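Fold and geometry: a report
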Amino acid sequence: MSLLVVGLSHRSAPVSVLERAALSQDAQIKLLQDTVAAEPAAEAAVLATCNRIELYADVDKFHAGVAELSTLLAQHSGVGLDELTPYLYVHYEDRAVHHLFSVACGLDSMVVGEGQVIGQIKDSLALAQELHSAGRLLNDLFQQGLRVGKRAHSETGIDRAGQSLVTFGLQQLAGVRGAGVSVESWALGKKALVIGAGSMSSLAAATLARLGVAEIVVANRTSERAERLAEIINENSGEHGEVFARAVPMESVPFELTRADIAVSCTGATGVVLGAETIAAAVEGRVPADDEAGLSPRTTMTSDVRTALPPTSIGTDDGCPLDLSAAQAGQAVQESAGFSVMGEAAVAGMDAATLEQHAAWVDNGTVDRRDAARRTPDDDRELIAALARTAATVGRIPERRRPEIVAGVPLPAPVLFLLDLAMPRDIDAAVHRLAGVRLVDIESLAEASADAPMAADVDQVRRIVADEVAAFGAAQRAAHITPTVVALRAMAADVVAGEIARLDGRLPGLDEKHRAEITQTVKRVVDKLLHAPTVRVKQLAAEPGGAGYADALRTLFDLDQETVASVSRADENTETDAENRGRA
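Okay, so let's go over this structure.

Conventions and cut-offs
Each chain carries its own residue numbering, running from 1 in the written order of its sequence. Where totals are concerned, whole chains, interfaces and linings use all residues; where local detail is concerned, this predicted model gives features only for residues with pLDDT of at least 70, and gives and counts side-chain atom pairs only at 80 or more. For side-chain calculations, the full set of non-hydrogen atoms in the structure is used, while hydrogens and water are omitted. Side-chain rings of Phe, Tyr and Trp, where Trp is taken by its six-membered ring, are said to pair if the distance between their centres is within 6.5 Å; with planes under 30 degrees apart they count as stacked, over 60 as edge-to-face, and otherwise as tilted. Every helix listed is a DSSP run of H or I at least four residues long, and every strand listed is a run of E at least two residues long, numbered separately from the N terminus. Relative accessibility decides the category of a residue: with a 1.4 Å probe and only protein chains considered, values under 20% of the type maximum give buried, values over 50% give exposed, and everything between is partly exposed. Identification of polar contacts relies on pairs of N or O atoms within 3.5 Å, with a donor-acceptor requirement for protein atoms, meaning one able to donate a hydrogen and the other able to accept it, and with residues adjacent in sequence counted only if both atoms are side-chain atoms. Contact definition: two residues touch when any of their heavy atoms are within 4.5 Å. By this rule the span expected of a helix is its residue count minus one, scaled by 1.5 Å. Put simply, a nonpolar core is a bunch of buried Ala, Val, Leu, Ile, Met, Phe, Trp, Tyr and Cys residues held in one set by side-chain atoms that sit within 4.5 Å of each other. Paired strands, in this sense, are two strands between which DSSP finds at least two bridges. Only the stretch in contact is used when fitting a helix axis, every axis being a line fitted to C-alpha atoms; angles between N-to-C directions are given from 0 to 180 degrees.

A word on the packing of aromatic side chains. Within this structure, the stated rule accounts for four aromatic pairs. With a centroid separation of 5.9 Å and 80 degrees between ring planes, the pair formed by Phe101 and Phe472 is classed as edge-to-face. In this pair, Phe101 is assigned in helix H5 (residues 94-105) and Phe472 in helix H22 (residues 457-506), connecting sequence segments 371 residues apart. Comparing Phe101 with Phe472, the two get one shared label, buried. Each ring, one from Trp186 and one from Phe417, has its centre 5.2 Å from the other, and the planes form 85 degrees; the classification is edge-to-face.

Our next topic: the side chain of Asn220. One can find Asn220 in the loop between strand S6 (215-219) and helix H12 (223-235). At 3.3 Å, the side chain of Asn220 and the backbone nitrogen of Ala197 are in polar contact. Here the side chain of Asn220 touches Thr222 through a polar contact of 3.1 Å, landing on its backbone oxygen. For Asn220, the contacting residues outside a window of four places in its chain are Gly196, Ala197, Arg225, Ala226, Val248 and Met250.

Attention now moves to unusual backbone geometry. Cis geometry is found at the peptide bond from Met423 to Pro424, where omega equals 5 degrees. In this fold, Pro424 is placed in the loop between strand S9 (416-420) and strand S10 (437-440). In this structure, Glu93 is a non-glycine residue whose phi angle is positive, near 55 degrees. Mapping Glu93 onto the fold places it in the loop between strand S4 (89-92) and H5. Exposure remark for Glu93: the relative accessible area of 34% places this residue in the partly exposed category. For His132, which is not a glycine, the phi torsion comes out positive at approximately 60 degrees. Within the element layout of this structure, His132 appears in the loop between helix H6 (116-130) and helix H7 (136-155).

So, about H12. Given a rise of 1.5 Å per residue, 13 residues ought to cover 18 Å, and the 18 Å separating the end C-alpha atoms of H12 matches this to within 8%. The inward-facing, buried residues of H12 abut helix H11 (199-211), S6 and strand S7 (244-248).

Another point: the nonpolar core. Counting residues in hydrophobic clusters, the biggest one holds 68 residues, and the most contacted among them are Leu165, Leu170, Trp186, Leu208, Ile216, Ile233 and Leu421. Setting aside chain neighbours within four positions, we find Trp186 in contact with Leu170, Leu173, Ala174, Ile262 and Phe417.

The next thing to look at is the sheet that holds S7. An order of S7-S6-S5-S8-S9-S10 is seen for the six strands of this open sheet, with the pairing classed as parallel. Looking at which strands have only one partner, the edges of the open sheet turn out to be S7 and S10. With strand direction ignored, the average angle separating the axes of adjacent strands in the sheet is 15 degrees. The sheet contact formed by S9 and S10 spans four bridges and is parallel. For Phe417, the partnering residue across the bridge sits in S10 and is Arg438. Along the sheet face, H11 touches strand S5 (191-195), S6 and strand S8 (262-265) and points at about 170 degrees away from the line of S5.

In this section: the side chain of Ser102. Tracing the sequence through the fold places Ser102 in helix H5. Overall, Ser102 belongs to the buried group, its relative accessible area being 10%. If we skip the residues at most four places from it in the chain, Ser102 touches Leu107, Asp108 and Val465.

As structure tokens, this is what we get:
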């Protein structure tokens, strides 16, 4: 059997695909059950986080395993296999081990060095153990992955290279990265709403409390979990200043938004939890009216000053057949193109008949569109050129020139800061366009994290991962031969027992003292003969390419394969019982 992982993450797929492929808890359970029921897989575990979905399995055939795991991921994610396949990655054997250890250390995270993934790996292992889909290989792999992750964080400064997704998200939300302002000063005294009570929401609540917010309101569909989280926050209040926490039902979220400064949402819902209408209602009356504040209406949210061109007369005269106002509002300045925004927008995508109709209107004439429909591409080019000349003369389309940059329009300051850490998203993306609201979600975090700083400690963590991968591989290869060695020693013990029995038949009068001495002598001889080869074969098996030594040992000593397999099953049952006792 061999380790295989098939998955997709923020490194291989756009957030829109990750969002659609996100697995609920029920979907993860069904995926695990179907995977171990499939022919190529004997064990399975799912690692599903806000920015990755990975299926780990112990398979007996590589190509069949890849095909089966890919198909199962597509079926349970709801994304078609043809659409999902370009974004999938595959890791096998040592590369699969290296991948999980890198994930556990935070090297593969959206924010390098974040530690939240350790808890997610732990949850993944717990689910696989609960469903009995994790056997010896995946138990060893995930438990070692947890140890490697903890080692990386304790022995290096990887935490300085990044932080949890929550902290990074709050930094982006506050707009303080590189601005010389601390996120603590931004959060101090604010009122926060946390939607959800899972691990990520709990981390968000704890982070907000540490940053010094004055109040934390927890909303969750299961009221007991919300109350417990609020209780924990209140119990720890005072460590980082006084923080008051309370729990509310989900029905109270619209009202709580009207009094919140910060809202963090991370639920397991499959649809939108906070729509744009709800957010708009929550900030209504809190954002100054455009005419009162001297601001212009905003259609998109940005922290930068918007550049604009002087207005033109395009599309404003009565009777003009081209409505260019939409293009004027939606286009951005393209300085490199050499045309003004309006010049490009006016001709882009227009067919020859429409352009000719516009030209005829400019000249106060009419045109028969049926004749225009019979024109050739050369006629189209001539019409476009003629239109450009005519429009340049009458001013309908500004002449070819560099755009003129004018003073930007000030935008209202945000009064509600939203952090969406859910996958799929909890908050409608249309909220980005609301005045007085700043939204940071997984997609914007992915863009921001591309420029996140990397510490020198990352190289040290990579060395730790490489060493641990080699050690894990050696241990697994050595463990692979252990049942064969045990079976060999069991066979030797049977031979000794048989020979002592024969001795008893030949020498029935042999006293117990002499019989015991003879038995012990024979056992010592057998042990000494087997000691060197069994120790050496374990050493050789631990080296790369050493898997064949187990087969050689079985062949040389004519060991029964079923006997070896029974030893393996007995070992696995013993380990499982020990794990169950440890969790009880």
